[in-house]
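Architecture and fold: a report
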Amino acid sequence: VKRFIHIFIIADIAYYKFYREEKIGFVGNEQAAPILLDGLSKLEYRGYDSAGIAVRDNDSNIKIVKAKGRLKGLIEKTDAGHAVFGTCGIGHTRW
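These numbers were taken from a predicted model, which means no experiment stands behind them. (Residues numbered from 1 in each chain as written. Predicted model: local features only at pLDDT ≥ 70, side-chain atom pairs only at ≥ 80, totals over all residues. Heavy atoms only, no water.)

1. Observations regarding the confidence of the model for the chain
How we decide: Each residue gets a pLDDT score, which is the predictor's confidence in that residue and runs from 0 to 100. Helix numbering and strand numbering both begin at the N terminus, where a helix is a DSSP run of H or I of at least 4 residues and a strand a DSSP run of E of at least 2.
For the chain, mean pLDDT is 80; residues scoring 70 or higher make up 75% of the total. Confidence, expressed as mean pLDDT per element, reaches its minimum in the chain at strand 1 (residues 5-10) with 47 and its maximum at strand 5 (residues 62-68) with 94.

2. Regarding the environment of threonine 93
For clarity, the cut-off: Buried means the residue's accessible area, taken with a 1.4 Å probe over protein chains only, is under 20% of the maximum for its type, while exposed means over 50%, and partly exposed covers the values in between.
Looking at the element boundaries, threonine 93 is found in strand 6 (residues 88-94). Here threonine 93 falls in the buried class, since its relative accessible area comes to 0%. Linking threonine 93 and lysine 23, residues 70 residues apart in sequence, is a C-alpha distance of 6.5 Å.

3. What about helix 1 (residues 32-43)?
Filter applied, for reference: By this rule, a helix spans an expected 1.5 Å times one less than how many residues it contains.
Compared with an ideal rise of 1.5 Å per residue, which puts twelve residues at 16 Å, helix 1 spans 17 Å between its outermost C-alpha atoms and is within 8% of the ideal. Among all positions of helix 1, only Ala32, Ala33, Ile35, Leu36, Leu37, Gly39, Leu40 and Leu43 are buried.

4. Side note on the environment of isoleucine 90
Note the threshold: Should any heavy atoms of two residues lie within 4.5 Å, those residues are counted as being in contact.
When you line up the elements, isoleucine 90 lands in strand 6. For isoleucine 90, the contacting residues outside a window of four places in its chain are Ile24, Gly25, Leu36, Gly52, Ile53 and Ala54.

5. Some remarks on the pairing of strand 4 (residues 50-56)
For clarity, the threshold we go by: Strand pairing requires that DSSP identify at least two bridges connecting the strands.
Counting buried positions over the seven residues of strand 4 gives five, a clear majority of the element. Relative to strand 5, strand 4 is paired through seven bridges, and the arrangement is antiparallel. Following the sheet pairing, arginine 56 is matched in strand 5 by isoleucine 62. Turn length for the strand 4-strand 5 hairpin, with the two strands adjacent in sequence and antiparallel, is five residues, and the turn residue serine 60 shows positive phi of about 70°. Pairing analysis gives seven bridges linking strand 4 to strand 6, with the strands arranged antiparallel. Note that in strand 6 the partner of valine 55 across the bridge is glycine 89.

6. Focus on the nonpolar core
Definition in use: Only buried Ala, Val, Leu, Ile, Met, Phe, Trp, Tyr and Cys residues count toward a nonpolar core, and they belong to the same one when joined by side-chain atoms within 4.5 Å.
If you look at the biggest cluster of nonpolar residues, it comprises 16 residues, and the most contacted ones within it are Leu36, Ile53, Val55, Leu71, Leu74 and Val84. Secondary structure elements with two or more residues in this core: strand 3 (21-27), helix 1, strand 4, strand 5 and helix 2 (71-77). Top element by residues in this core is helix 1. It accounts for six residues. Every residue in contact with leucine 71, bar those within four places of it in the chain, is listed here: Leu37, Leu40, Ser41, Glu44, Ala51 and Thr93.

Below, the structure is given as structure tokens:
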């Protein structure tokens, strides 16, 4: 089994690819969830088994949202990220 790791950073967004997983992280002054979902959608190139995001708000509470299937399910579940508040987070897909 070949495994590979690619990590690259653009502005405040870090992308991470490892074997059958794609991850993205964001820390900044803007709401993280829409940025994470946008970044994951740019990495999407095949069907996924699942997707999820974890976003931290200013009170150190972490909101985790998961969805089975394609990324579209997670986007719908979070109202394109507008229903999850916080400026720090990670997103994940697995195929």
